[in-house]
Amino acid sequence: MSVPLFGVTIGTQHYKKCFAARHFQLAEKIAVRFQKICVLGLGYIGLPTASTFATHGVQVVGVDVNPDVVNTLRNGGLHIHEPGLRTLVQAALRSGNLTIQEQPSEAEAFIIAVPTPFQEDKLADLRAVEAAAQAIVPYLKKGNLVVLESTSPPLTTVGKVAPLLETSGLRRGEDFYLAYVPERVLPGYILRELIENDRVIGGIDRPSAEAARHLYSLFVRGEILLTDATTAEMVKLMENTYRDVNIALANEFARLAERFGVNVWEAIELANRHPRVKILRPGPGVGGHCISVDPWFLVEAAPDLARLIRTARQVNDEQPQHVVELARQAFGELAGLRVAALGLAYKADVDDLRESPAIEICHLLQQAGAEVIAYEPYRKEAQTNGIPLAAELDQALQGADCLILLVAHRPFGTLSPTAVARAMRGRTVLDAVNLLNRAMWEGEGFQVIKVGEGLGVRP
Ligand SMILES: NC(=O)c1ccc[n+]([C@@H]2O[C@H](COP(=O)([O-])OP(=O)(O)OC[C@H]3O[C@@H](n4cnc5c(N)ncnc54)[C@H](O)[C@@H]3O)[C@@H](O)[C@H]2O)c1
């Protein structure tokens, strides 16, 4: 069965499961066309989203409260690194469909893609979401759609965003549509995944879900799955929590392997030959502002129930300290050592340093008295809060007593041990991401220690 809405025919299969047949008044009365939309927050999510809508013929007002972001974009620059983004943004600006502003303006749809970090106490900081919702209020009109994309604790859309929007005097479900649409793109592949990934759309009611589907089908080629707003919030949190818990398990396996003199990488490879086992990779810890943050939103919402989730977070948060312990075993006394730290991003081949375990490891090494010189190929000019940054790899390596590899960036995969040996003073390498070929490096006289192998590994 299908229902004609906004002039397009829409299958009812998914939303029938999720919503009892409710009123259709708003959807029937108001034909939303989405010729003009407003995207609030022009970071890793908002900027690609705004630019993609713009290159698909929609007039987009991109809004950011950070004047540096606004000025950079207006002057043709880019404040974040993501493959292909510069070309896309330039095309969007050149088309005349994308304009950049510090304030929202009237539009048919508003998309909120602002940060949702946590505070010191691990509670969600929703101030940016609240500020963005408030900023929309003066421009909200009957028939508009508001979409929250920011990762948020359960019930944020109905319990926080809706009441704020209703201070406009308009009523949710009667006067405006409201939906929660989580973003699940992988940094490094954002432009492709934005279009190709399946998309979960959670409406506060059925017409809201349909309105949001209508908007996103302008460019999404993956399947669009409709549900209610709170389920969609849970879906996003469950996805990242699943990853976090499984990485914690891999990190715990690595520690066990180190104790028993087992090579965890080999053990994982063998275990993964089981048709129903897929163990993830251990590493230096979990970072970024998604996987290391989002599980706390569930812990906050139900601390009595989210016990495994909390423990997994703690295991992953302890991993940088564990890597420093390995460094101590490998390098000996850390005080006075000159350590070249390769990679500061929170994961491979991105420039994002938020919540990065690599940065925490550098700070812990410094606290232990080591002199750390870091090299981050994707953010050579980064402000790293007390960690000296080399502009070139050679500068970091020059005279170093030991090397610690913290991120599996592609360029590090082709590091030549011969060239490194020429620059370094010492011959010890700690590989926290299992990127280096042990035989090659040992052939150049290096002692190689890896997370998940420790020092007691069997030949
Ligand atoms: N980056 C990812 O890979 C990813 C993936 C999935 C979901 N998310 C979620 O998407 C949301 C946005 O993440 P991001 O990585 O794009 O963040 P970001 O920090 O890269 O960008 C957010 C932008 O919003 C701006 N901003 C803050 N408050 C604002 C306001 N009131 N009005 C307008 N602009 C405002 C900031 O200045 C910043 O430029 C977060 O909730 C995040 O958890 C991110």
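Residues numbered from 1 in each chain as written. Predicted model: local features only at pLDDT ≥ 70, side-chain atom pairs only at ≥ 80, totals over all residues.

A. Quick peek at the pairing of strand 10 (residues 224-228). Burial analysis of strand 10 places 4 of its 5 residues in the buried class, the great majority of the element. By the bridge criterion, 5 bridges tie strand 9 (residues 199-203) to strand 10 in an arrangement that is parallel. Each bridged residue has a counterpart across the sheet, and for valine 200 the counterpart in strand 10 is leucine 225. (Buried ≥ 20, exposed ≤ 12 C-beta atoms within 10 Å, placed from the backbone. Helix = DSSP H or I, 4+ residues; strand = E, 2+ residues; numbered from the N terminus. Pairing = 2+ DSSP bridges.)

B. Spotlight on the confidence of the model for the chain. When the pLDDT values of the chain are averaged, the result is 92; 92% of them are 70 or greater. Scored below 50 in pLDDT, residues 1-30 shows 40 contacts in the model against residues more than four places distant or in partner chains. (pLDDT = per-residue confidence, 0-100. Contact = placed C-beta atoms within 7 Å.)

C. Local environment of the environment of glycine 369. Locating glycine 369 in the fold gives a position in the loop between helix 14 (357-367) and strand 12 (371-375). With 11 C-beta atoms packed within 10 Å, glycine 369 lands in the exposed category. Along the primary structure glycine 369 and glycine 336 are separated by 33 residues, whereas in three dimensions their C-alpha atoms are 5.9 Å apart. Those residues within four positions of glycine 369 in sequence are excluded, and the remaining contacts are Leu334, Ala335 and Gly336.

D. Spotlight on the packing of helix 10 (residues 229-260) against helix 12 (residues 294-301). It is at 8 Å that the axes of helix 10 and helix 12 come closest, and there the two elements cross at 110°. What the angle tells us is that helix 10 and helix 12 run roughly perpendicular. Contact with helix 10, carried on its side by Leu237, Asn240, Thr241 and Asp244, involves Asp294, Pro295, Phe297 and Leu298 of helix 12 and no other residues of that element. Taken together, the residues of the contact of helix 10 with helix 12 break down into 4 nonpolar, 2 polar and 2 charged. (Axes fitted to C-alpha atoms, helices over the stretch in contact; angles between N-to-C directions. Parallel < 35°, antiparallel > 145°, perpendicular 65-115°, else oblique. Nonpolar A, V, L, I, M, F, W, Y, C, P; charged D, E, K, R; others polar.)

E. Structural context of the pairing of strand 3 (residues 36-40). For strand 3, a buried count of 4 out of 5 residues is recorded, marking the element as mostly surrounded by other parts of the structure. Of the strand pairs in this sheet, strand 3 and strand 4 (residues 59-63) are connected by 5 bridges, and their pairing is parallel. Along strand 4, the bridge assignment pairs isoleucine 37 with valine 60. Remark: the strand 3/helix 3 (residues 46-55)/strand 4 crossover connection has right-handed handedness. Pairing of strand 3 with strand 6 (residues 109-112), which is carried by 4 bridges, proceeds in the parallel orientation. Of the residues in strand 6, the one forming a bridge with isoleucine 37 is alanine 109. (Right-handed = clockwise from strand over helix to strand, strands pointing away.)

F. Here's a closer look at the nonpolar core. Counting residues in each nonpolar core, the largest one holds 78 residues, and the members touching the most others are Leu40, Ile112, Val147, Ala179, Ile201 and Ala212. The element best represented in this core is helix 10, accounting for 6 residues. Taken domain by domain, the makeup of this core includes at least three residues from each of domain 1 (2-231) and domain 2 (255-450). Leaving out residues up to four positions away in the same chain, isoleucine 112 has contacts with Leu40, Gly41, Val129, Ala132, Ala133, Val147, Leu148, Glu149 and Ser150. (Core = buried A, V, L, I, M, F, W, Y, C linked by C-beta atoms within 7 Å. Domains from an automatic or database assignment.)

G. Quick look at the site of the ligand. Around the ligand sit 28 residues in total, of which Gly41, Gly43, Tyr44, Ile45 and Ser150 are the nearest. Of the residues forming the shell around the ligand, the biggest block, 4 residues, is contributed by helix 6 (residues 127-136). Of the residues that constitute the shell around the ligand, the class distribution is 17 nonpolar, 8 polar and 3 charged. (Near = placed C-beta within 6 Å.)

H. Broad picture of helix 14. Residues of helix 14 that are buried include every one of Pro357, Ala358, Ile359, Glu360, Ile361, Cys362 and Leu365, and no others. Contacts made by the buried residues of helix 14 are with helix 13 (307-331), strand 11 (338-342) and strand 12. Following helix 14 by one or two positions, glycine 369 adopts a phi angle in the positive range, close to 100°.

I. Representation of the sheet that holds strand 15 (residues 447-450) in the model. With parallel pairing, 5 strands are arranged side by side in an open sheet as 12-11-13-14-15. The open sheet has two free edges, formed respectively by strand 12 and strand 15, since each of these has just one partner strand. The mean inter-strand angle of the sheet, taken between neighbouring strand axes irrespective of direction, is 20°. Bridge analysis of strand 14 (residues 428-431) against strand 15 gives 4 bridges, and the strand direction is parallel. Its bridge partner lying in strand 15, valine 429 is registered against valine 448. Those strands touched by helix 13 are strand 13 (402-405), strand 14 and strand 15, and its axis lies near 160° from that of strand 14. The strands touched by helix 14 are strand 11 and strand 12; relative to strand 12, the strand with the most contacts, the crossing angle is about 160°.

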